[in-house]
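The lines below spell out each chain.
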Amino acid sequence: MALEEKREKRPPVTPMMIEEEAALRNGSRGLPPGSWAEAAGPRPRTTERHIAVHKRLVLGFAVSILALLAVTMIAVLLSVRFEGCSAAADGPPRASGNGSLPGAARQTPGAGQLPGRPEQEEEEEKEARGGEVAEEKEEEEWQRRRELPPWTRPRLPRHLRPLHYNLMLNAFMENFTFSGEVNVQLEVLNASRYIVLHAHRMHIEAVRVAEDKLAGGVRVDRSFFYPQTQVFVVVLNRSLEVQRSYNLKIIYNALIENELLGFFRSSYVLHGERRFLAVTQFSPTHARKAFPCFDEPIYKATFKISIRHQATYLSLSNMPVETSVFEEDGWVTDHFSQTPLMSTYYLAWAVCNFTYRETVTKSGVVVRLYARPDAIRRGSGDYALNITRRLIEFYEDYFKVPYSLPKLDLLAVPKHPYAAMENWGLSVFVEQRILLDPSVSSISYLLDVTMVIVHELCHQWFGDLVTPVWWEDVWLKEGFAHYFEFVGTDYLYPGWNMEKQRFLTDVLHEVMLLDGLASSHPVSQEVKQATDIDRVFDWIAYKKDYLTIHKYGNAARNDLWNTLSKALKRVGKSVNIQEVMDQWTLQMGYPVIAILGNETTDNVIVISQERFVYDGDAKPKDPALGDNSYLWQIPLTIAVGNTSHISSEAIIWVSNKSEHHRIPALEESTWLLGNINQTGYFRVNYDIRNWRLLIHQLTRNHEVISVSNRAGLIDDAFNLARAGYLPQNIPLEIIRYFSEEKDFLPWHAASQALYPLDKLLDRAENYNIFNEYILRQVASMYLKLGWPTNNLNKSLVQASYQHEELRREVIMLACSFGNKHCHQQAATLISDWISSNRNRIPLNVRDIVYCTGVSLMDEDVWEFIWMKFHSTTAVSEKKILLEALTCSDDRNLLNRLLNLSLNSEVVLDQDAIDVIIHVARNPHGRDLAWKFFREKWKILNARYGEALFMNSKLISGVTEFLNTEEELRELKNFIKSYEGGAAVSFSRAVETVEANVRWKRLYKEELFQWLRKSLTH
């Protein structure tokens, strides 16, 4: 799964922009042979409150018992083996008739409403109450045994394993409902009379259990929902026998929701007509909203899907269509081929009226891209389709494992909670992450599209073919996929050097911001309940033998360590990888190494380590585990240099709090450099003398120090200063050499580091002093590089990617900090567009020009951009036009935009979050966005609450640059009064704002004093 908004036009990722966290570390969850059942351990769910049973339910209970007796007598007389469910408390009311019969749900009165809702409310309430009483009786029985009932436990009980699902769906797009019939083949591992599986927000009409190959069924005694763990419980009148197979059949119906998870609907406008589609998003825990299932990654099974829909639509799923059966009334049923063994979270289907284009790989894999007909007609999907074919061929060769399915469909949808989702054989992308119009798309946009596709395709091997045993090891798939974003892009564009350069600034530097919070979490973290699962999908997680051994199966982190240890052993090296790596994956945070010269002994340095945190006053998440108890085995690479030369690197293993080491070549005029090319996951600090020598070296001859090391020094210095490890002037002195810096990477590192500092100061009375200092460092390179020419008739992929990205970075800094020529150029380009109605603004700087023009010019320019936002059909252009509207200095326009953002027909749900966050980044709108967030919290939480990543992104984006005592009080008071989830995100928000307030209190005046002195010299 690709997380949203990993790269934005201007701001870097900051600690609170990076997704949610969980709590404690956990040991190995490896899966030894023959221990399948033992791997399915506990996982609680607390997203819904338990419904208490009151005395007033007794009447309802009595009525339901009488009704159940009557139904049972009729069933016996008619030899019917289906048993009515005794409860429907977890979902919408029951549809009239059999939910699996053709046309049953078409009798519904309106869109989004299931049949019989007005007429049956009283009946369903009684039914639900009866279910609650049955549930209460069951719990009392288990309490007498002094055991927890299996349906209350955090993860599914271990006694059953699904082998195969046969799922038949009926999609009714005219009223956004669907009905289904699922048949699950179950293997019994331990005898039990309970079947517990996941089901949420659906109405179950009938349940049947039968032993395979036998005529007789197993009588269902009763069934009920348990909302706290989102399970459906089937109680049988006898126990299922060990080593026998049974078939569980459930008929149900539900809504195609207007939301972002489960089986949900979306829409688009074509030729003035609004058209609808329905698509799934099951990861991590939302397959249970679409069909009753064992919704945990360990429960791999095969699936046979059939989808019945109106013939004006087409349906897609993980596998190709095997047969289609057309009916006379304009309906068609598509039967899909059986899947390989797979987990529920990457099962997928869609019902839409899209068109497609197709290509075929060398090995015969059919690749199709489905999108809106107008987008396909314009060729907006051609780029993605072509690189997908090349990437599949690359991965097959690289991994030496062929792609496992006969086809791969790429589906571009208008609305989706993530950038993309790697469903096996049917990857779903939000349009902005896959559609590309060469006439209006920048290099940055092309890069973003490329890397999202590379990421999702890697998941077809890491995540789909091999799946984590449990969510605590989600980094096993996300880490590989994120790293291969850079490897795969280097394959497509060898000259871009993504792996060795952009990986540092776009991944390493960003994730270290999040991991520097006291509220961080280990890479591998314990997941106890469903709300924890969404939190593990964050930047800490994201950022051959193995595949072959575990394909079609599950793997845990120790499987990876064992494979790496075996590989080293084959080349004669005996290293216990697990022992080393457990310190890095099971401890939160990362170390800062301090290298100090020993003043009494020549050629000896003191190396110490401690946990790096931005706010030393922040309380650790686990009070029993203070920062002093953290210890890592650190492979520290080190080199010695002078004005003209740097030595070859040596490696020192640092495993103690403090150590002494002799460095033979160390002299008075030489400097030390640690963590060469930033290959280690830690920061390095030096004594002031060494920092001064490094600054002098950069000024005299910066090329002695490599590009990666220059970027690393800049990032370390700014973050060490922000955390108080280093005087505030040191990072600003480092960038004084920038008039001679011709490489993109150090500029990119500086831009990312300056951004959060700018946001801490942009409302300060003396902000102009900081502004002027940055402009002085930028001015020389801005004049040297100039502006790009209009490239509408040139290839989108520039020959010199690094040069164009450097120019863009410098122009962005110049315009952002108020360079007069930059402002004039932006205003001229905007005026020319308005007067000629022809956009001649160079593609690679359009977002900068739009934002600058809106901020400088009058309301008419804002209205012009607003009009263009509505009229354009190119998704890349639509995105930057919407973001430009947030750049206005006019508070009335910003308020207007905030209110319009909640209209889904004007701004897509996922884009509304970006509007609110971008207004919060604007110093003229920060307080407006913060006020809007608090006033509209109930609406926002209802819309994004279950999509925890999106909710966390919103919370962090609105609060991360609050930095006054008053704003901190407002945040704490709001948290006390709010209703809803996201407690961890709010806790992190408080820590971040406290760190901002602390920095301003301790270091702001120190910084301004140095700036005043510097500018007068």
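Keep in mind it's a predicted model, so treat the numbers as computed, not measured. (Residues numbered from 1 in each chain as written. Predicted model: local features only at pLDDT ≥ 70, side-chain atom pairs only at ≥ 80, totals over all residues. Heavy atoms only, no water.)

Visitor: Could you give me a rundown of the overall build of the protein, with the residues and numbers involved?
Guide: Each helix and strand counted, the protein has 30 helices and 30 strands in total. Per-residue burial over the protein gives 64% buried out of 1017 residues. For the protein, the accessible area works out to roughly 37500 Å², and carbon and sulfur atoms hold 52% of it. (Helix = DSSP H or I, 4+ residues; strand = E, 2+ residues; numbered from the N terminus. Buried < 20%, exposed > 50% of the residue type's maximum accessible area, 1.4 Å probe, protein only. Areas by Shrake-Rupley, 256 points an atom, 1.4 Å probe, with all protein chains shown as cover.)

Visitor: Residue-level account of the pairing of strand S2 (residues 160–172), with values.
Guide: In this sheet, strand S3 (residues 177–188) lies alongside S2 in antiparallel orientation, the contact comprising twelve bridges. Pairing of Pro 162 across the sheet is with Leu 186, part of S3. The hairpin turn running from S2 into S3, its antiparallel successor, is four residues long, and Phe 176 in that turn takes a positive phi close to 55°. Here S2 pairs with strand S12 (residues 302–310) via seven bridges, running parallel. Paired with Met 168 across the strands is Ser 306, a residue of S12. (Pairing = 2+ DSSP bridges.)

Visitor: Requested: an account of the packing of helix H17 (residues 744–761) against helix H19 (residues 801–816), with residues and values cited.
Guide: At their nearest, the axes of H17 and H19 sit 9 Å apart, and the two run at 30° to each other. On the basis of their axis angle, the class for H17 and H19 is roughly parallel. The handedness of the crossing between H17 and H19 is left-handed. Contacts from Phe 744, Trp 747, His 748 and Ser 751 in H17 reach Gln 802, Glu 805, Leu 806, Glu 809, Val 810, Met 812 and Leu 813 in H19. (Axes fitted to C-alpha atoms, helices over the stretch in contact; angles between N-to-C directions. Parallel < 35°, antiparallel > 145°, perpendicular 65-115°, else oblique. Left-handed = near helix turned anticlockwise from the far one by under 90°. Contact = heavy atoms within 4.5 Å.)

Visitor: Could you give me a rundown of the sheet that holds strand S21 (residues 426–430), with the residues and numbers involved?
Guide: The five strands lie next to each other as S17-S18-S19-S21-S20, forming an open sheet whose pairing is mixed. Single-partner strands in this sheet number two, and they are strand S17 (355–360) and strand S20 (420–421). Direction of pairing for strand S19 (residues 407–413) relative to S21: parallel, over a ladder of five bridges. Looking at the pairing, Asp 409 lines up with Leu 426 of S21.

Visitor: Before we move on, can you summarise the sheet that holds strand S13 (residues 314–317) with the specific residues and values?
Guide: Spatially, S10-S11-S16-S13 is the arrangement adopted by the four strands of the open sheet, whose pairing is antiparallel. The open sheet has two edge strands with one neighbour each: strand S10 (262–270) and S13. On average, each strand axis in the sheet is tilted by 15° relative to the strand beside it, whichever way the strands run. Where S10 meets strand S11 (residues 273–281), nine bridges bridge the pair, whose relative direction is antiparallel.

Visitor: Describe the state of the cysteines, listing the residues and the values that go with them.
Guide: By definition, a disulfide is the covalent link that joins the sulfur atoms of two cysteine residues. Inspection of every chain in the model, using the stated rule, returns two disulfides. Between the sulfur atoms of Cys 815 and its disulfide mate Cys 822 the distance is 1.9 Å. Judged by the sign of its S-S torsion, about -95°, the cystine formed by Cys 815 and Cys 822 is left-handed. Judged by relative accessible area, Cys 815 falls into the buried class, the value being 5%. Of the residues examined, Cys 822 reaches a relative accessible area of 0% and is grouped as buried. (Disulfide = S-S within 2.5 Å.)

Visitor: Give a description of the nonpolar core that names residues and reports values.
Guide: Membership of the largest hydrophobic core comes to 149 residues, with the highest contact counts inside it found for Trp 691, Leu 732, Phe 770 and Phe 933. Apart from residues lying up to four places away in sequence, Phe 770 is in contact with Leu 754, Leu 757, Asp 758, Leu 761, Phe 817, Phe 1008 and Leu 1011. The next biggest cluster of nonpolar side chains, apart from the first, holds 117 residues, and it includes Ile 305, Ala 419, Tyr 445 and Tyr 493. (Core = buried A, V, L, I, M, F, W, Y, C linked by side-chain atoms within 4.5 Å.)

Visitor: Hey, could you go over the pattern of salt bridges for me, with residue numbers and the actual values?
Guide: A full pass over the atoms with the stated rule returns 51 salt bridges. Note that Arg 308 and Glu 327 form a salt bridge whose closest N and O atoms lie 3.0 Å from each other. Of this pair, Arg 308 sits in strand S12 while Glu 327 sits in the loop between strand S14 (321–326) and strand S15 (331–336); the two residues are 19 residues apart in sequence, bridging distant segments of the chain. What makes Glu 327 partly exposed here is its relative accessible area of 28%. (Salt bridge = Lys/Arg side-chain N within 4 Å of Asp/Glu carboxyl O.)

Visitor: Let's hear about H19: which residues, and what values?
Guide: Over its 16 residues, H19 runs 22 Å from end to end, which matches the ideal 22 Å to within 8%, given 1.5 Å per residue. Taking burial as the measure, the 16 residues of H19 include 13 buried ones, the bulk of the element. Positive phi appears at Gly 818, one or two residues downstream of H19, with a value of about 95°. (Expected span 1.5 Å × (residues − 1).)

Visitor: With reference to specific residues and values, describe the confidence of the model for the protein.
Guide: Overall, the predicted model of the protein reaches an average pLDDT of 80, with 74% of residues at or above 70. Across residues 3–128, confidence stays below pLDDT 50; counting only partners more than four residues off in sequence or on other chains, it has 342 contacts. This stretch, residues 547–556, has a pLDDT under 50; its non-local contacts, to residues over four places away or in other chains, come to 41 contacts. (pLDDT = per-residue confidence, 0-100.)

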